[in-house]
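# Summary of structural features
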Amino acid sequence: PEGKMADADSGAPQEPEVKMMKLPDGRELPALADGEYDAIVLGTGLKECIISGIMSVDGKKVLHMDRNDYYGGESASVNLNQLFAKFGAGQPDASLGNSRDFNIDLAPKFIMAGGNLVKMLIMTSVNRYLEFKQVDGSYVLKDGKINKVPATDMEAASTPLVGFFEKRRLIKFVKYVDSFDPADPKTHQGINLQQMTAKQVYEKFGLDKGTIDFIGHSLALYDNDSYLNKPGQDLIDRCKLYGESFQRYGKSPFLYPLYGLGELPQAFARLAAVYGGTYMLHKPVDEVRDSKTPIVPSAIP
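## Details of the overall build of the chain
From N to C terminus, the chain includes nine helices and ten strands. Out of the 301 residues in the chain, the part that is buried amounts to 37%. Put simply, 61% of the contacts in the chain that link residues at least 6 apart link residues at least 24 apart.

## A word on the confidence of the model for the chain
On average, residues of the chain score 86 in pLDDT, and 85% of them are at 70 or above. No element of the chain has a lower mean pLDDT than helix α4 (residues 153-158), which averages 77, and none a higher one than helix α6 (residues 198-204), which averages 96. Confidence drops under a pLDDT of 50 for residues 1-8, and excluding neighbours within four residues, the segment shows eleven contacts in the predicted structure.

## Re the packing of helix α7 (residues 209-219) against helix α8 (residues 233-249)
At a minimum axis separation of 10 Å, α7 and α8 run at an interaxial angle of 65 degrees. Considered as vectors, α7 and α8 are oriented roughly perpendicular to each other. For the element pair α7 and α8, the recorded crossing hand is left-handed. Together, I215, S218 and L219 of α7 and L235, R238, C239 and Y242 of α8 make up the contact between the two elements.

## Some thoughts on the nonpolar core
Ranked by size, the top nonpolar core spans 32 residues in total, and within it F173, Y202, I215 and L235 carry the most contacts. Counting only elements with at least two residues in this core, the list comes to α5 (167-179), α6, α7 and α8. Discounting residues that sit within four places of it in the chain, F173 has contacts with V201, Y202, F205, L207, I215, I236 and C239. Core analysis: the next-biggest nonpolar cluster, separate from the first, contains 17 residues, I111, L264, A267 and Y279 among them.

## A closer look at the sheet that holds strand β9 (residues 254-257)
As summarised here, the arrangement of the three strands in space is β5-β9-β6, forming an open sheet in which the pairing is antiparallel. The open sheet is flanked by β5 (111-112) and β6 (132-134), the only strands paired with a single partner.

## Points about the packing of α5 against α8
Two elements in contact, α5 and α8, have axes whose closest approach is 9 Å; the angle formed by their N-to-C orientations is 85 degrees. Of the possible angle classes, the one that applies to α5 and α8 is roughly perpendicular. Across the interface between the two elements, F173, Y176, V177, D178 and S179 of α5 pack against I236, C239, K240 and Q247 of α8.

## Observations regarding the pattern of salt bridges
Per the stated rule, a full pass over the model turns up eight salt bridges. Across the pair D213 and K209 runs a salt bridge whose closest N-O atoms are separated by 2.9 Å. On the criterion of helical spacing, the pair formed by D213 and K209 is a turn pair, its members being four residues apart in helix α7. With a closest N to O distance of 3.0 Å, R238 and D234 form a salt bridge. Here the residue R238 and the residue D234 both occupy positions in helix α8, the gap between them amounting to four residues, near one helical turn. With a relative accessible area of 32%, R238 lands in the partly exposed category.

## Description of the sheet that holds strand β1 (residues 39-42)
Neighbouring strands of a sheet are bound in pairs by backbone hydrogen bonds; such pairs are parallel or else antiparallel. The three strands are arranged β1-β2-β10 in an open sheet whose pairing can be described as parallel. Each edge of the sheet is formed by a strand with only one pairing partner; in this case those strands are β1 and β10 (278-280). On average, adjacent strands in this sheet sit at an angle of 15 degrees to one another, irrespective of strand direction. Sitting on the sheet, helix α1 (residues 46-57) is in contact with β1, β2 (62-65) and β10, with an inclination near 160 degrees to β2.

## Quick look at α1
Taking 1.5 Å as the rise per residue, α1 with twelve residues should run 16 Å; its terminal C-alpha atoms sit 17 Å apart, in good agreement. Turning to α1, its buried residues are C49, I50, S52, G53 and S56. Where α1 is buried, its residues contact β1, β2, α3 (116-123), α9 (263-274) and β10. Of the residues one or two after α1, G59 is the one with positive phi, at around 95 degrees.

## Let's talk about the packing of aromatic side chains
Within the structure shown, the criterion is met by eleven aromatic pairs. Ring centres of F164 and F165 lie 5.2 Å apart, and the angle between their planes is 85 degrees; this geometry places the pair in the edge-to-face category. Of the two residues, F164 and F165, neither departs from the other in class, the shared state being exposed. Centre to centre, the rings of F173 and F205 are 5.4 Å apart; their planes meet at 90 degrees, and the pair counts as edge-to-face. Residue F173 is located in helix α5, and its partner F205 is located in the loop between α6 and α7; the two are separated by 32 residues in the primary sequence. Pairwise contacts between aromatic rings join F173, Y176, F180, Y202, F205, Y222 and Y227 into one cluster. Here the basic side chain of K61 rests over the ring of Y37, its NZ or CZ set 4.8 Å away from the ring centre.

Thresholds, definitions, all that
Residues numbered from 1 in each chain as written. Predicted model: local features only at pLDDT ≥ 70, side-chain atom pairs only at ≥ 80, totals over all residues. Heavy atoms only, no water. Helix = DSSP H or I, 4+ residues; strand = E, 2+ residues; numbered from the N terminus. Buried < 20%, exposed > 50% of the residue type's maximum accessible area, 1.4 Å probe, protein only. Contact = heavy atoms within 4.5 Å. pLDDT = per-residue confidence, 0-100. Axes fitted to C-alpha atoms, helices over the stretch in contact; angles between N-to-C directions. Parallel < 35°, antiparallel > 145°, perpendicular 65-115°, else oblique. Left-handed = near helix turned anticlockwise from the far one by under 90°. Core = buried A, V, L, I, M, F, W, Y, C linked by side-chain atoms within 4.5 Å. Pairing = 2+ DSSP bridges. Salt bridge = Lys/Arg side-chain N within 4 Å of Asp/Glu carboxyl O. Expected span 1.5 Å × (residues − 1). Phe/Tyr/Trp six-rings, centres within 6.5 Å; stacked < 30°, edge-to-face > 60°. Lys NZ or Arg CZ within 6 Å of the ring centre and 35° of its normal.

Okay, structure coming up:
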């Protein structure tokens with residue numbers, strides 16, 4: 001805007017009038033993604049971001065959209081304002097402090113250090129966009145008391161989670177799991193894991209109920225006992241994954257992204273962006289049309 005003439009009395013120029021411009025909220029802007037795409041991905045959950053990342057690396061032209069103003073979908077890490085808005089709870093109380101001081105996982109989970117997700121992060125080089133923290137330890141409730149799952153020989157010798165006379169049987173079982181190789185019958189010790197149930201495998205090693213509870217819920221991480229009547233292969237696979245994850249870093253088999261699980265989909269989104277993917281947040285889709293029947297917006301993730 002042009003400035004006004006100088007005041008005749010003061011001789012000093014007056015401040016020019018400045019009109020404040022209203023910033024767009026993302027919905028008022030012209031289309032940023034004109035043209036044709038090999039793939040359009042709706043929603044920025046972990047699976048969707050992995051798909052868009054892989055397709056972008058493969059040279060596909062990808063448009064990725066989300067109606068939310070944050071990445072992650074149902075696996076996002078949100079601040080306090082976003083959390084209250086998502087569940088229609090109004091505004092958070094001011095006494096809680098700055099909204100950005102909070103980073104809340106909508107689906108809190110730990111990552112097994114030796115699991116497939118970590119292998120995928122390394123294989124795709126997405127791990128370079130992430131920082132991880134190792135969980136210091138894990139705990140279980142037994143007989144009304146909280147006990148640490150042993151992580152050292154000294155802790156294993158003194159833990160109340162396994163009886164004194166049971167420790168030798170447990171060590172025998174752990175050695176069996178550690179040496180088990182599906183392709184090498186010599187490591188099977190005559191146990192057919194496709195036919196024997198988990199309960200029968202425990203009986204083979206003479207383990208009592210307390211030790212079974214420890215293995216099933218502290219190592220294999222089952223949340224109920226229904227696995228006991230299912231083939232023992234899954235039990236051994238789970239225990240083997242726990243052991244391999246534990247041996248990778250020590251102390252604990254669990255890893256956690258330093259800034260929340262929402263960092264995982266964002267990391268794959270960065271990978272897609274590096275290879276030319278286009279991202280649009282806070283951009284709801286009106287409808288999806290095919291040659292026959294339009295899909296209503298409520299069916300869009």
